Amino acid sequence: MPAPALAEVPEIDPAGIARLLGDLVSRPPRVAIFQTGVGTRALFAAADSLGIAPRLLEILSKCIVAARGPKPTGVLRSREVRIDRSAAEPFTTVQVLESLADLSLRGERVLVQRYGETNVELERALQAKGAEVIEIPTYRWALPEDTRPLEALIAALDRGGVDAVVFTSASQAHNLFALAQRLGKDGSLAVNLNRTLVASIGPVCSAALRSHGVNIALEASPPKLGPLVAALDRALAS
């Protein structure tokens, strides 16, 4: 039962990006972290439209560039950006931080390409190292325009017609409960989910579900789709 819970909504502020890049020329960051291919591509597209892509490339040439996984890596390489640090598999925030562990960041600026929502774990860890974190928003996650599939899922859960529910991001969980609240069903949603086998892609997603009172039956390790599906297959077959 597919129930899309996320939509990517562009959140590019061209004037804000122009001001930020101007500021970064005079006070360059020590590190720039790129987390997603979609966001990295959107940032360069905005810089192209403003005619300031050379300025962005100049800033990146003077700082340590970190990529979270193969998708931002591909976009950066297409722009001939040198990549200094690459997160190891499974390409989570933990691996990003590990790739930067040897750097002293106290008093330094760190540029973070935001994806969907603020990566709170990354931001707090960088701030704990004394860094000034500067986010560049490129897109945000919202509820899909058509919420009927999600509403059908909530109704099926009410009827006890679902055996397992799979979540692949924390934002999916938050959006599902936001819609349930809008429908006046938030009180029963956690109870109904806890009657099913709830599968989570990883610890961040699990924490979001637990914040809504949902019990996690299984969590993928490492936090990727392959291990998640394999674990779900084993659980449902037992």
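Right, let's walk through the structure included here.

Description of helix 7 (residues 148-159)
Right, on to step 1. Along its twelve residues, helix 7 runs 16 Å from first to last C-alpha, staying within 8% of the 16 Å computed at 1.5 Å per residue.
Right, on to step 2. Elements in contact with the buried residues of helix 7: strand 7 (164-167), helix 8 (170-182) and helix 9 (186-193).
Right, on to step 3. Of the residues one or two after helix 7, Gly 160 is the one with positive phi, at around 75°.

A few points about the packing of helix 8 against helix 9
Packed helices, taken two at a time, are described by the angle between their axes plus the distance between the axes.
Right, on to step 1. Between helix 8 and helix 9, the shortest axis-to-axis distance is 8 Å and the interhelical angle comes to 135°. Taken together, the axis directions place helix 8 and helix 9 in an arrangement best described as oblique. Contacts between helix 8 and helix 9 involve Leu 176, Phe 177, Ala 180 and Gln 181 from the former and Asp 186, Leu 189, Ala 190 and Leu 193 from the latter.
Right, on to step 2. Grouping the constituent residues of the contact of helix 8 with helix 9 by class yields six nonpolar, one polar and one charged.

What to know about the pattern of salt bridges
Right, on to step 1. Per the counting criterion, the structure on display carries twelve salt bridges.
Right, on to step 2. A salt bridge links Arg 114 to Glu 11; its shortest N-O distance comes to 2.4 Å. Here Glu 11 lies in the loop between strand 1 (7-10) and helix 1 (14-26) and Arg 114 lies in strand 5 (residues 109-116), a separation of 103 residues in the sequence.
Right, on to step 3. On the accessibility criterion, Glu 11 (27% relative accessible area) is partly exposed.

Thoughts on the sheet that holds strand 8 (residues 197-200)
Two pairing modes exist for strands in a sheet, parallel and antiparallel, and in both the strands are linked by backbone hydrogen bonds.
Right, on to step 1. Overall, parallel pairing links the three strands, which are arranged 7-8-9 in an open sheet. The open sheet is flanked by strand 7 and strand 9 (218-219), the only strands paired with a single partner.
Right, on to step 2. Examined bridge by bridge, strand 8 and strand 9 share two bridges and lie parallel to one another. When the sheet's bridge partners are listed, Ser 200 is paired in strand 9 with Glu 219.

Here we look at the layout of surface pockets
Right, on to step 1. By volume, the largest pocket is sized at about 1400 Å³.
Right, on to step 2. Together, 39 residues line the largest pocket, and Arg 68, Phe 91, Tyr 115, Trp 141 and Thr 168 are the ones closest to its centre.
Right, on to step 3. Looking at the lining of the largest pocket, the elements that each hand over two or more residues are helix 2 (37-50), helix 4 (70-78), helix 5 (93-99), helix 6 (120-128), strand 6 (132-142), helix 8 and helix 10 (203-211).
Right, on to step 4. Per-element accounting of the lining of the largest pocket gives the leading share, four residues, to helix 10.
Right, on to step 5. Residue composition of the lining of the largest pocket, grouped by class: 19 nonpolar, 13 polar and seven charged.
Right, on to step 6. Computed from the structure, the second largest pocket encloses a volume of approximately 230 Å³.
Right, on to step 7. In this structure, the second largest pocket is lined by 13 residues; those nearest its centre are Met 1, Ala 3, Leu 153, Val 165 and Val 166.
Right, on to step 8. Residues belonging to the lining of the second largest pocket are distributed by class as follows: eleven nonpolar, two polar and no charged.

A word on the nonpolar core
Right, on to step 1. Membership of the largest hydrophobic core comes to 33 residues, with the highest contact counts inside it found for Phe 167, Leu 189, Leu 193 and Leu 209.
Right, on to step 2. Sorting elements by how many residues they give to this core places helix 8 first, with six residues.
Right, on to step 3. Apart from residues no more than four positions distant in its own chain, Phe 167 is found in contact with Gln 172, Ala 173, Leu 176, Leu 193, Val 198, Ala 199, Ser 200, Ile 201, Cys 205, Leu 209 and Leu 228.
Right, on to step 4. Ranked by size, the runner-up nonpolar core spans 23 residues in total, among them Phe 34, Phe 44, Ile 52 and Leu 60.

The rules we used
Residues numbered from 1 in each chain as written. Predicted model: local features only at pLDDT ≥ 70, side-chain atom pairs only at ≥ 80, totals over all residues. Heavy atoms only, no water. Helix = DSSP H or I, 4+ residues; strand = E, 2+ residues; numbered from the N terminus. Expected span 1.5 Å × (residues − 1). Contact = heavy atoms within 4.5 Å. Axes fitted to C-alpha atoms, helices over the stretch in contact; angles between N-to-C directions. Parallel < 35°, antiparallel > 145°, perpendicular 65-115°, else oblique. Nonpolar A, V, L, I, M, F, W, Y, C, P; charged D, E, K, R; others polar. Salt bridge = Lys/Arg side-chain N within 4 Å of Asp/Glu carboxyl O. Buried < 20%, exposed > 50% of the residue type's maximum accessible area, 1.4 Å probe, protein only. Pairing = 2+ DSSP bridges. 1 Å grid on protein atoms, 1.4 Å probe; cavity = no way out; pocket = protein on both sides within 12 Å on 5 of 7 lines; lining within 4 Å. Points joined across faces, edges and corners; volume = space filled by probe spheres on them. Core = buried A, V, L, I, M, F, W, Y, C linked by side-chain atoms within 4.5 Å.

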